[in-house]
Amino acid sequence: MKRKASAKNMAAAVRDEARYLMNTYRRPPVVFVHGKGCHLYDERGREYLDFLGGIAVNALGYSHPRIVKTIRREAGRAIHLSNLFHNPYQGPLARKLAEWSGLDRVFFTNSGTEAIEGALKIARAYAKARAKNGRASPTRVLALTNSFHGRTFGSLAITYPAKYREPFAPLMPGADFVNFNDVADLEAKFDPGVCAIVLETIQGEGGIYPVSEAFWNRARELASANHAALIADEIQCGLGRTGRAFAYQKFAKLPDIVTVAKPLAAGLPLGAVIANEEFAGALSPGLHGTTFGGGPLVCATALEALRIIEEEKLMKNARERGAEIRAGLEKMAADFDFIREVRGEGLIIGLDLIVEGGPFVDAALKHGLVINCTHEHILRFLPPFTVRSAHVKKFLATLNTVFAKTPRPKSIEAADSLKTHSSAAKAATASAAAATPLQTELSLEPA
Ligand code: PLP
């Protein structure tokens, strides 16, 4: 009886959404009411295995006891104090992010897109401060094709798909796109007017495409030689997901600025811009700020989350479980001819299909598995870092059943740009596999 009443309430909640929410999201007919570990539960009490993790946010799964305890404790102390005053957690959290990243100073935001805005502002302010005798300063920003950096005007200007940008034009001026992993195109488009090169070390929304070592190194050289910022957007791939603290730690050289958000505060909204001393020095009191960013509740939670990742050796787990997932998917690729490619590392994995992925996502949900599809044909898996081998086995078995039982979806002709993208990514993966991994040296997590 009680359960029925709750189902009725949920139906009413969904009706209210349809009537009162702006029409921005398409949602399946399920209402999740709580989660535990790697599982979600709907209003009927049905269990789902979550391999999406709130889109790369729930790195510690649901209801991690240490996170729940921290939030309860801080909620009873002070949720918010404002950035006019010190709080006990911003400094220690900034210190940990500096240690993890190899950079120096941090600015806290409320979201990923704000972290990107902060990074762009730092790059512009740095360039302006360097320009001598009133000369025009560099303002151009180079991003990559197929990128996703967020929905506010600066981030949107460097987000590639025209469907996201064009309805809101004009956006931030000075943005231009370099073909993914195309060093020659980078060299052609880079000039002294560039103040920043922005890239996702592994493109997430774009479909799990890693930047190549050759591209990273050339971007680093050009940026350094011209005092431009190399900005790594690690909002989706960073903070341990690849099995390293940051995905760029497989390369020898550091970026100048890194952005993080999604998993930082274990589900509470918190982002950060992390910069080296040189670029961080472009900011001074009053030049940038935020009301909510870096409050005591979110910072205490983030600090606890990063400690959990270290103490529970979750980066090692990400590497090991990631390898199991990849091996299982590679095997599946031999059985199902509609699988084009498996990409990614650690717990950021994409399965590129030659058919639409949507029907598989819907079928998986019916089978109690939460996954996602990007660019209409790339299934994306972003499980919590706490995922265990038993979860991986269940995931692979369920996906296998879904692939076997779902009527073959419509074929998809990948856009030319994505085909080029895929071959550029393959070359990057091959060269990364051949290189000596730096990850064990650079990982801060005890092995
Ligand atoms: N950058 C990357 C790589 C992302 O994946 C996202 C979100 O998906 C963003 C930026 C924007 O983050 P937010 O949605 O928190 O503004």
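Here goes a summary of the coordinates provided. (Residues numbered from 1 in each chain as written. Predicted model: local features only at pLDDT ≥ 70, side-chain atom pairs only at ≥ 80, totals over all residues.)

### Observations regarding the pairing of strand β7 (residues 194-200)
Cut-off, in case you're wondering: Three exposure classes are used, based on other C-beta atoms lying within 10 Å of a residue's own C-beta, which is placed from the backbone: buried for 20 or more, exposed for 12 or fewer, and partly exposed in between. Going along the chain from the N terminus, every DSSP run of H or I of four or more residues is numbered as a helix, and every run of E of two or more is numbered as a strand. If DSSP finds at least two bridges between two strands, the strands pair.
Most of β7 is tucked away, with seven of its seven residues classed as buried. Where strand β5 (residues 140-144) and β7 come together, three bridges link them in parallel fashion. Bridge pairing in β7 links Val-141 to Ala-196. Bridge count for β7 against strand β10 (residues 229-233) is five bridges, and the pairing is parallel. Within β10, the residue paired with Ile-197 across the bridge is Leu-230.

### Thoughts on the packing of helix α12 (residues 314-335) against helix α14 (residues 389-405)
Just so we agree on the cut-off: A fitted line through C-alpha atoms represents every axis, and for helices the fit uses only the stretch in contact; the resulting angles, taken between N-to-C directions, go from 0 to 180 degrees. For classification purposes, angles smaller than 35 degrees are called roughly parallel, those larger than 145 roughly antiparallel, those between 65 and 115 roughly perpendicular, and all remaining angles oblique. Should the near helix be turned counterclockwise from the far one by less than a right angle, the crossing is left-handed, whereas a clockwise turn marks it as right-handed. Note on contacts: each residue gets a C-beta atom placed from the backbone, and two residues are in contact if those atoms are within 7 Å. Residues were grouped as follows: Ala, Val, Leu, Ile, Met, Phe, Trp, Tyr, Cys and Pro as nonpolar; Asp, Glu, Lys and Arg as charged; and all remaining residues, including Gly, as polar.
Closest axis-to-axis distance for the α12/α14 pair is 10 Å, and the angle between their directions is 20 degrees. Taken together, the axes of α12 and α14 are roughly parallel relative to one another. Relative to α14, the crossing made by α12 is right-handed. Note on element contacts: α14 touches α12 through Ser-389, Val-392, Leu-396, Leu-399, Asn-400 and Phe-403, opposite Arg-321, Glu-324, Ile-325, Gly-328 and Met-332. A breakdown of the residues in the contact of α12 with α14 according to their chemical character gives six nonpolar, three polar and two charged.

### Describing the site of the ligand
Put simply, the rule is: Think of it this way: take the backbone, place a C-beta atom on it, and check whether that atom is within 6 Å of the molecule or strand, in which case the residue is near it.
Taken together, 14 residues lie near the ligand, and Gly-112, Thr-113, Gly-150, Ile-235 and Gln-236 sit nearest. Among the elements that take part in the shell around the ligand, helix α5 (residues 112-130) stands out by supplying three residues, more than any other. Among the residues making up the shell around the ligand, the classes are represented as four nonpolar, seven polar and three charged.

### Describing helix α4 (residues 90-101)
Threshold: Take the number of residues in a helix, subtract one, and multiply by 1.5 Å to get its expected span. Here, the arc refers to the directions that run from the helix axis to the C-beta atoms.
With 12 residues, α4 extends 16 Å between its outermost C-alpha atoms, agreeing within 8% with the 16 Å of an ideal straight helix rising 1.5 Å per residue. Within α4, burial applies to Gln-90, Leu-93, Ala-94, Leu-97, Trp-100 and Ser-101. The arc that holds every buried residue of α4, seen down its axis, measures 125 degrees, which confines them to one face. Opposite the packed face of α4, turned more than 90 degrees from it, sit the exposed residues Gly-91, Arg-95 and Glu-99. Following α4 by one or two positions, Gly-102 adopts a phi angle in the positive range, close to 85 degrees.

### Considering unusual backbone geometry
Look at the link from Ala-169 to Pro-170: it is a cis peptide, with omega at 0 degrees. As for its placement among the helices and strands, Pro-170 is situated in the loop between α7 (162-165) and β6 (175-178). Although it is not a glycine, Glu-376 sits at a positive phi angle of roughly 65 degrees. Mapped onto the elements, Glu-376 comes out in the loop between β16 (372-374) and β17 (378-381).

### Re the environment of Val-57
Mapped onto the elements, Val-57 comes out in the loop between α2 (53-56) and α3 (65-75). With 20 C-beta atoms packed within 10 Å, Val-57 lands in the buried category. Residues Val-57 and Gly-267, 210 residues apart in the sequence, show an inter-C-alpha distance of 5.8 Å.

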